[in-house]
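Below, each chain spelled out in residue letters.
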Amino acid sequence: MIYLLEDDNSIRDLVIYTLSSQGMEACGFAKPSEFWDAMVQQLPELVLLDVMLPEEDGLTILKKLRTASRTERLPIILLTAKGTEYDKVLGLDGGADDYVAKPFGMMELLSRIRALLRRTAAQAQAYHLGPLTVIPDKHLVEVDGKEVTLTQKEFEMLSLMIRSPGQVFSREKLIQSVWGYAFTGETRTVDVHVRTLRQKLGPAGECIETVRGYGYKMTEVRSGEE
């Protein structure tokens, strides 16, 4: 699903028609309030965002999307009549992945969209272990298809271990990788984080196996054992 936030009816209709004709599911919005309502219901694969809008401008919306954890990596292309270098830099520095100045050709826009979706798909590698799914680049964790909210350190620890299932990570290695060399706390901090991580993961918490006297590793959830 691609969302287009554009208050010009003719441009919005043309873009939605073109995307649909190319087999891309798309939905257009004339007002930011309509866009935000839709974002609550479903996250798109990509957002086409006009800059000059009623209610709030596109750069403000861009900032909100980039500062929210569930949308911080959402692919965004800015569409705007402003074509100066300053405006382009402003948009890209604000977190936009690409920038297309009006008037633009539909073939160019389609090419930009496809290129960005390809890059995003390549980056968004998913790791699966039993009922657990982790997509590091999207900061997404799911257990049996239901999203789980973790702290940053919990997420970093889980992402590190699930990338190498079966590998044993010492407490010192986890501290070094997740907290950094400057961390001077007790290694028991790792145990506390693992305990809360297991609780949040519910049945998938069993994927984190304790290696007595050393550390932890990720393994497939065992079932049906005596």
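This text goes with the structure placed above it.
Residues numbered from 1 in each chain as written. Predicted model: local features only at pLDDT ≥ 70, side-chain atom pairs only at ≥ 80, totals over all residues. Heavy atoms only, no water.

Peer 1: What's the story with the layout of surface pockets in this structure? I'm lost.
Peer 2: Which parts of space are left empty comes out when a probe the size of a water molecule is rolled across the atoms. Approximately 620 Å³ is the volume found for the largest pocket. In terms of lining residues, the largest pocket is bounded by 25 residues, among which L43, R70, K138, H139 and L140 are the most central. At the level of elements, α5 (106-123) and β8 (140-143) are the ones that each hand at least two residues to the lining of the largest pocket. The residue inventory of the lining of the largest pocket, partitioned by class, reads 13 nonpolar, five polar and seven charged. (1 Å grid on protein atoms, 1.4 Å probe; cavity = no way out; pocket = protein on both sides within 12 Å on 5 of 7 lines; lining within 4 Å. Points joined across faces, edges and corners; volume = space filled by probe spheres on them. Helix = DSSP H or I, 4+ residues; strand = E, 2+ residues; numbered from the N terminus. Nonpolar A, V, L, I, M, F, W, Y, C, P; charged D, E, K, R; others polar.)

Peer 1: What is the right way to read the side chain of R171 from this model?
Peer 2: Along the chain, R171 falls in helix α7 (residues 171-179). The exposure class of R171 is buried, given its relative accessible area of 14%. (Buried < 20%, exposed > 50% of the residue type's maximum accessible area, 1.4 Å probe, protein only.)

Peer 1: What's the story with the packing of helix α6 (residues 152-162) against helix α8 (residues 188-201) in this structure? I'm lost.
Peer 2: In a packed pair of helices, the relevant descriptors are the angle between the two axes and the axis-to-axis distance. Remark: α6 packs on α8, axes separated minimally by 10 Å, with the N-to-C direction vectors making an angle of 85°. Judged on the interaxial angle alone, α8 and α6 are roughly perpendicular. On α8, the residues touching K153, E154, M157 and L158 of α6 are V190, H193, V194, T196, L197, K200 and L201. (Axes fitted to C-alpha atoms, helices over the stretch in contact; angles between N-to-C directions. Parallel < 35°, antiparallel > 145°, perpendicular 65-115°, else oblique. Contact = heavy atoms within 4.5 Å.)

Peer 1: Is there a simple way to think about the packing of aromatic side chains in this case?
Peer 2: The geometry of an aromatic ring pair comes down to the distance between the two centres and the angle between the two planes. Tallying each qualifying case throughout the model produces four aromatic pairs. A centroid spacing of 5.1 Å and a plane angle of 85° characterise the contact between Y3 and F29, whose relative ring orientation is edge-to-face. Of this pair, Y3 sits in strand β1 (residues 2-5) while F29 sits in strand β2 (residues 26-29), and the two are 26 residues apart along the sequence. One aromatic cluster is present, formed by Y3, F29, F35 and W36 through successive ring pairs. (Phe/Tyr/Trp six-rings, centres within 6.5 Å; stacked < 30°, edge-to-face > 60°.)

Peer 1: Would you mind going over the side chain of D191 with me for this structure?
Peer 2: Relative to the assigned elements, D191 resides in helix α8. The buried category is assigned to D191, whose relative accessible area is 6%. Looking at D191, its side chain comes within polar contact range of the side chain of R188, at 2.8 Å. Residues contacting D191, with those up to four places away along its chain left out, are R171 and Y216. (Polar contact = N/O pair within 3.5 Å; in protein donor to acceptor, adjacent residues only side chain to side chain.)

Peer 1: Explain the pairing of β8 here, please?
Peer 2: Two faces make up the sheet, and in a regular strand the side chains alternate between them. Two strands pair when backbone bridges link them, and strand β7 (residues 132-135) and β8 are joined in this way by four bridges, in the antiparallel orientation. Bridging across to β8, L132 finds its partner in V143. The turn joining β7 and β8, which pair antiparallel and follow one another in sequence, is formed by four residues; a positive phi near 55° is taken by H139. Bridging between β8 and strand β9 (residues 146-147) involves two bridges; their strand directions are antiparallel. By the bridge assignment, V143 is partnered in β9 with K146. (Pairing = 2+ DSSP bridges.)

Peer 1: Got a minute to help me understand the sheet that holds strand β6 (residues 127-129) in this structure?
Peer 2: Picture the strands of a sheet paired through backbone hydrogen bonds; they go either parallel or antiparallel. On the basis of which strands lie adjacent, the open sheet formed by four strands has the order β6-β7-β8-β9 and antiparallel pairing. What marks the edges here is a single partner per strand, and that holds for β6 and β9.

Peer 1: When you look at helix α3 (residues 58-67) in this model, what are you seeing that I'm missing?
Peer 2: Note that an α-helix has 3.6 residues per turn; residues three or four places apart therefore point the same way. Considered for burial, the residues of α3 that qualify are G58, I61, L62, L65 and R66. End-on view of α3: buried residues confined to an arc of 130°, all on one side of the axis. Facing away from the buried side of α3 by more than 90 degrees, the exposed set consists of K63 and T67. (Arc of directions from axis to C-beta.)

Peer 1: It is not clear to me how the environment of T71 should be interpreted in this structure. Could you clarify?
Peer 2: Along the polypeptide, T71 turns up in the loop between α3 and β4 (76-80). Sequence spacing of T71 and F169 is 98 residues, and the spatial spacing of their C-alpha atoms is 31 Å.

Peer 1: In this structure, what is going on with the nonpolar core? I would like to understand it.
Peer 2: Most often, soluble globular proteins have nonpolar side chains that are buried together. Within the largest apolar cluster, 27 residues are counted, with the highest numbers of intra-cluster contacts made by L132, V141, L158, L201 and M218. For this core, the elements supplying multiple residues, two or more each, are β6, β7, β8, α6, α7, α8 and β12 (215-218). With five residues, α6 is the largest single contributor of residues to this core. With 19 residues, the next largest nonpolar core counts Y3, L49, L53 and L65 among its residues. (Core = buried A, V, L, I, M, F, W, Y, C linked by side-chain atoms within 4.5 Å.)

Peer 1: I would appreciate a short explanation of the pattern of salt bridges in the present structure.
Peer 2: Where charged atoms of side chains with opposite charge meet at close range, the side chains can pair. In this structure the tally under the stated criterion is nine salt bridges. Ionic pairing is found between D50 and K102, a salt bridge with its closest N-O pair at 3.2 Å. Taken together, the residues D50 in strand β3 (residues 46-50) and K102 in the loop between β5 (98-101) and α5 connect sequence positions 52 residues apart. (Salt bridge = Lys/Arg side-chain N within 4 Å of Asp/Glu carboxyl O.)

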